[in-house]
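The primary structure of each chain is shown beneath.
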Amino acid sequence: MTSRTCKNCGCSEIDLDQARGNAVCTSCGSVLEDNIIVSEVQFVEGSGGISSAVGQFVSADGPVKAPVLGTGFHTSLGKESRAQTLQNGKRQIHNLGSQLQLNQHCLDTAFNFFKMVVSKHLTRGRKMAHVIAACLYLVCRTEGTPHMLLDLSDLLQVNVYILGKTFLLLARELCINSPAIDPCLYIPRFAHMLEFGDKTHEVSMTALRLLQRMKRDWMHTGRRPSGLCGAALLVAARMHEFRRTVKDVIGVVKVCEATLRKRLTEFEDTPTSQLTIDEFMRVDLEQECDPPSFTAGQKKVKLLQVHYLTLSRHGLACEISLYQDEIETELENSRPRLRGIYAVFSQASCSSPTEVDPEEDEELEAVAQHFNQDYICQVIQGQQQGGEGGGERGTEQSPTPPPPPKVGPSLNSILGPLPSAASLGLCESIQECFSVDKNSDDKSERGELDLDGIDDNEIERYILNDKEVRIKTDLWMKQNEEYLKEQKEKEDRIAKEKEQGTYKEKPKKTSKKREPIRASTAGEAIEKMLEQKKISSKINYDVLLDLNSKGGSPALPTTVDEPPPGAPGRKRLSRRKKQPNKTNLSLANTASIMGKRLRPLISSTPKKKRVTPNLTPAAALARPNISSPPTPTGPTLEENGPVAYDEAAREEEEEEEVEEPCVSALQLLGGNEYGCEAEEEEVF
Amino acid sequence: MEPSNDVALDIIITNVVAVFRTRCHLNLRTIALEGVNVIYKPEYGKVLMKLRKPRITASIWSSGKIICTGATSEEEAKQGARRLARTLQKLGFKVRFADFKVVNVLAVCSMPFAIRLIDFTKKNRPIASYEPELHPAATYRIKTLKATIQIFSTGSLTVTGPNVQTVATAVEHIYPLLFECQKPLRK
């Protein structure tokens with residue numbers, strides 16, 4: 001294909017032989033291409049003579065991955081997290097979807113939803129299973145399949161409301177407006193499960209009609225569709241002379257018996273229930289009913305009214321009570337709102353209306369009287385002036401004005417003298433309220449407690465005196481003995497550990513304070529960063545190290561020191577060049593080695609501490625020393641974080657050549673690799 | 001169908017939740033042992049104190065943060081909170097009444113008509129959501145006001161919002177929408 005003309009003779013006639021994979025010039029016979037890559041479908045013969053195509057199906061989405069050999073366990077290598085998540089999700093969707101008997105199209109749509117969810121970071125903090133279930137249910141709703149959320153929760157053994165919460169959230173975030181559930185969707189499914197045999201279709205149709213009737217009678221708003229379906233199917237079955245009991249139906253429909261009975265009762269209340277079977281099939285009533293809960297509410301109101309009416313029929317006592325209610329409401333509306341200390345009194349007065357009310361009303365009435373008297377005097381004068389003309393009218397009218405002033409003094413005489421202090425006090429309190437309001441604003445800004453409106457005496461009641469405190473303490477101690485014991489044990493344990501010096505602070509999850517890295521070159525900064533951070537499998541260390549000058553790599557051998565004598569449990573690491581053989585480790589081994597190294601390192605840290613003060617200045621020197629092995633970060637960091645003295649220790653190592661090699665996990669991991677590189681470099 | 005301006009709807013506030021800080025460390029054990037009306041919950045690390053006068057329940061933490069629930073109006077919540085602080089003061093702590101804030105108000109309201117929930121949800125698609133399998137009411141969230149309204153088919157509403165004014169505004173906001181989807185009464 002690429003060769004149009006022969007190189008030797010310039011001839012353009014080239015013969016391609018697919019079988020041999022050659023491209024040969026026909027004129028001079030020179031072979032131009034050898035081993036041509038063929039992209040044809042090949043067939044192999046399988047067992048039983050069946051020929052099948054050779055090849056694998058690769059998914060269109062997702063990264064091109066290496067063919068999985070063996071168990072396929074090593075999927076974590078070289079794969080990014082997002083792809084893994086999606087692959088995992090896809091697998092779970094297929095699992096769950098096949099249990100629900102969803103077709104491939106639905107599963108694909110569900111996977112698309114899932115991809116959207118992942119890209120919007122909505123999977124964070126949620127269980128994968130919940131998210132998957134929600135995606136599947138979204139598909140069910142949009143496609144209109146007869147799957148209920150209850151089915152999904154059955155399969156997953158998860159509370160249906162939790163699933164519902166996730167589902168609602170996803171629907172809102174993805175802006176997917178799923179149509180409302182129509183109970184008619186569930187009828188064929190449930191009918192099938194109830195095994196009506198040949199007549200399944202007829203029963204379904206009847207049930208559908210019933211449901212539509214129920215809808216128009218407002219029984220279906222706010223109710224679970226499955227409950228309505230159950231009721232409709234039960235009635236339909238009975239209509240077609242199938243003996244399905246309530247238990248059968250609830251087993252299929254998954255509502256409880258009480259719900260079903262209630263639906264049936266509600267249906268009974270509708271006028272449709274009065275029709276015979278034939279009539280129902282033929283006729284459709286025009287009327288629509290109110291929702292049952294609405295009628296229930298109305299009934300309550302009616303009952304109350306009836307109650308009052310019956311009371312009123314019983315004569316005077318009831319009349320008085322009615323009037324009393326009315327008066328009280330009027331009084332409450334007309335009474336001035338009191339605040340301050342006297343609020344307490346005013347509220348207390350509600351309970352004893354007879355005594356206090358008249359006093360306050362007294363005040364109002366007194367004022368009213370005053371105004372009335374003025375007005376009445378004027379009226380009387382006016383009338384007297386007018387009354388000269390019509391004497392009789394005047395005499396008739398004149399008795400009327402005097403009675404009102406009489407009412408005032410008559411009350412006074414009945415009730416006795418007004419406690420003037422109270423009426424005065426009330427005025428004062430009203431004034432106080434206005435002034436105090438301004439004060440309270442200032443006080444709240446300063447954060448002090450505003451004692452306005454608080455009755456100290458009342459609050460004293462909230463606090464027990466000494467004797468009571470003692471009794472309560474005893475009771476409380478007895479009641480909470482277990483808890484107190486636990487607390488004590490815990491404290492003892494902590495005290496012991498403190499003595500032993502092995503006391504570790506309980507994981508309070510404080511972020512490890514890291515000193516800012518002081519480095520002069522990029523390489524140094526990288527080293528220090530690697531030390532501080534945990535070793536990650538996602539970083540290609542080769543690239544990182546190559547960033548630094550190549551002069552750094554030969555320096556590596558020097559820093560790997562002989563292992564200190566007599567250090568127990570340490571892996572003896574020899575020189576650089578031998579490393580590739582010995583340290584051909586997998587990740588698992590690395591971890592165990594690191595684990596072994598951790599303990600010795602803890603005990604050795606005091607040595608390092610001594611060195612620190614002398615060598616910290618030295619540490620600041622610029623050293624393109626990638627090799628300074630990033631120590632296994634865990635324990636050393638726990639003691640203290642600064643990079644400086646690690647480096648100091650390393651320098652010490654180099655100088656003394658006694659210290660432990662502090663071989664980095666980096667080296668253990670990638671040691672062979674760039675050891676090889678170093679070798680290669682040396683070779684080439 | 002014009003929304004009537006003089007909507008004489010009874011909005012009844014059933015619960016007001018408020019928080020405040022005492023700016024001082026509180027010893028829960030002392031409070032538990034010396035108070036009359038307290039429940040100590042060591043596993044949660046808090047003390048519940050109930051007051052009778054404004055009927056409120058307060059959760060008190062040792063850090064000095066207090067949440068006060070059960071009041072029926074904002075003023076009552078403040079009064080109850082102050083009373084509570086006074087009680088703590090009497091127990092011997094140096095309390096200060098700081099950062100009082102009403103956090104949540106719950107109110108109920110009843111429309112004089114029934115409502116077609118499915119129609120309502122269809123018309124207000126993304127804002128309203130209705131899942132009969134999960135809850136009998138349709139939920140309508142007003143983002144600007146940060147209020148949530150639950151609408152039942154009988155016409156009752158439950159409104160929650162950060163303060164009383166928001167609740168009132170929310171009801172006014174939603175009344176015309178509900179009016180459109182009302183179900184004409186049979187009677």
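Criteria and cut-off values
- Residues numbered from 1 in each chain as written.
- Chains lettered and ligands numbered in written order.
- Predicted model: local features only at pLDDT ≥ 70, side-chain atom pairs only at ≥ 80, totals over all residues.
- Heavy atoms only, no water.
- Helix = DSSP H or I, 4+ residues; strand = E, 2+ residues; numbered from the N terminus.
- Buried < 20%, exposed > 50% of the residue type's maximum accessible area, 1.4 Å probe, protein only.
- Contact = heavy atoms within 4.5 Å.
- Pairing = 2+ DSSP bridges.
- Axes fitted to C-alpha atoms, helices over the stretch in contact; angles between N-to-C directions.
- 1 Å grid on protein atoms, 1.4 Å probe; cavity = no way out; pocket = protein on both sides within 12 Å on 5 of 7 lines; lining within 4 Å.
- Points joined across faces, edges and corners; volume = space filled by probe spheres on them.
- Nonpolar A, V, L, I, M, F, W, Y, C, P; charged D, E, K, R; others polar.
- pLDDT = per-residue confidence, 0-100.
- Parallel < 35°, antiparallel > 145°, perpendicular 65-115°, else oblique.
- Left-handed = near helix turned anticlockwise from the far one by under 90°.
- Salt bridge = Lys/Arg side-chain N within 4 Å of Asp/Glu carboxyl O.

Engineer: Just checking my understanding: could you explain the environment of Pro 179 of chain A for this structure?
Structural biologist: Summarising the element assignment, Pro 179 of chain A is placed in the loop between helix 5 (160-173) and helix 6 (187-193). On the basis of relative accessible area, Pro 179 of chain A is assigned to the partly exposed category, the value being 39%. Along the primary structure Pro 179 of chain A and Gly 144 of chain A are separated by 35 residues, whereas in three dimensions their C-alpha atoms are 8.4 Å apart. If we ignore the near neighbours within four places in the chain, the residues touching Pro 179 of chain A are Arg 141 and Thr 142 of chain A together with Arg 125 of chain B.

Engineer: Help me understand the sheet that holds strand 2 (residues 22-25) of chain A in this model?
Structural biologist: Whenever strands of a sheet pair, they do so through backbone hydrogen bonds, lying parallel or antiparallel. Residues and elements named next belong to chain A. In spatial order, the strands read 1-2-3; together these three strands make up an open sheet with antiparallel pairing. Both outer strands of the open sheet, strand 1 (14-17) and strand 3 (31-33), are each paired with one neighbouring strand and no more. Each adjacent strand pair in this sheet contributes to an overall mean axis angle of 30°, direction not counted. Note that strand 1 and strand 2 share four bridges and pair antiparallel. Of the residues in strand 2, the one forming a bridge with Asp 15 is Val 24.

Engineer: In this structure, what is going on with the layout of surface pockets? I would like to understand it.
Structural biologist: Space left empty within the atom packing is revealed by a probe, the size of a water molecule, rolled over the atoms. In this structure, the second largest pocket spans a volume of roughly 930 Å³. Taken together, 35 residues line the second largest pocket, and the ones lying closest to its centre are Leu 168 and Arg 172 of chain A together with Ala 128, Ser 129 and Tyr 130 of chain B. Those elements giving two or more residues to the lining of the second largest pocket turn out to be helix 5 of chain A together with helix 3 (117-123), strand 8 (128-130) and strand 9 (138-142) of chain B. If one sorts the elements of the lining of the second largest pocket by residue count, helix 5 of chain A sits on top with nine residues. Residues that form the lining of the second largest pocket fall into these classes: 17 nonpolar, nine polar and nine charged.

Engineer: Help me out: how do you make sense of the confidence of the model for chain B in this one?
Structural biologist: Any region with low pLDDT has predicted coordinates that should not be read closely. Considering every residue of chain B, the mean pLDDT works out to 86; 95% of them sit at 70 or more. Across the interfaces of the predicted complex, the ipTM metric reaches 0.77, alongside a pTM of 0.52.

Engineer: Would you mind showing me how to read the packing of helix 3 (residues 128-143) of chain A against helix 4 (residues 149-156) of chain A here?
Structural biologist: Two packed helices can be described by the angle between their axes and the distance between those axes. Residues and elements named next belong to chain A. One way to put it is that helix 3 packs onto helix 4 with a least axis distance of 10 Å and a crossing angle of 150°. Put simply, helix 3 runs roughly antiparallel to helix 4. In this structure, helix 3 crosses over helix 4, and the sense of that crossing is right-handed. Residues Ala 129, Ala 133 and Tyr 137 of helix 3 form the contact with helix 4, whose participating residues are Leu 149, Leu 152 and Leu 156. Taken together, the residues of the contact of helix 3 with helix 4 sort by class into six nonpolar, no polar and no charged.

Engineer: Explain the pattern of salt bridges here, please?
Structural biologist: Oppositely charged side chains can pair when the atoms bearing their charge come close. All names here are of chain A. Using the criterion set out here, one finds 13 salt bridges over all chains in the structure. Close ionic contact of Lys 254 with Asp 154 constitutes a salt bridge, the shortest N to O distance being 3.2 Å. Of this pair, Lys 254 sits in the loop between helix 9 (246-253) and helix 10 (257-269) while Asp 154 sits in helix 4, and the two are 100 residues apart along the sequence. Beyond isolated ion pairs, a larger network of salt bridges with shared partners links Asp 151, Asp 154, Arg 189 and Lys 254.

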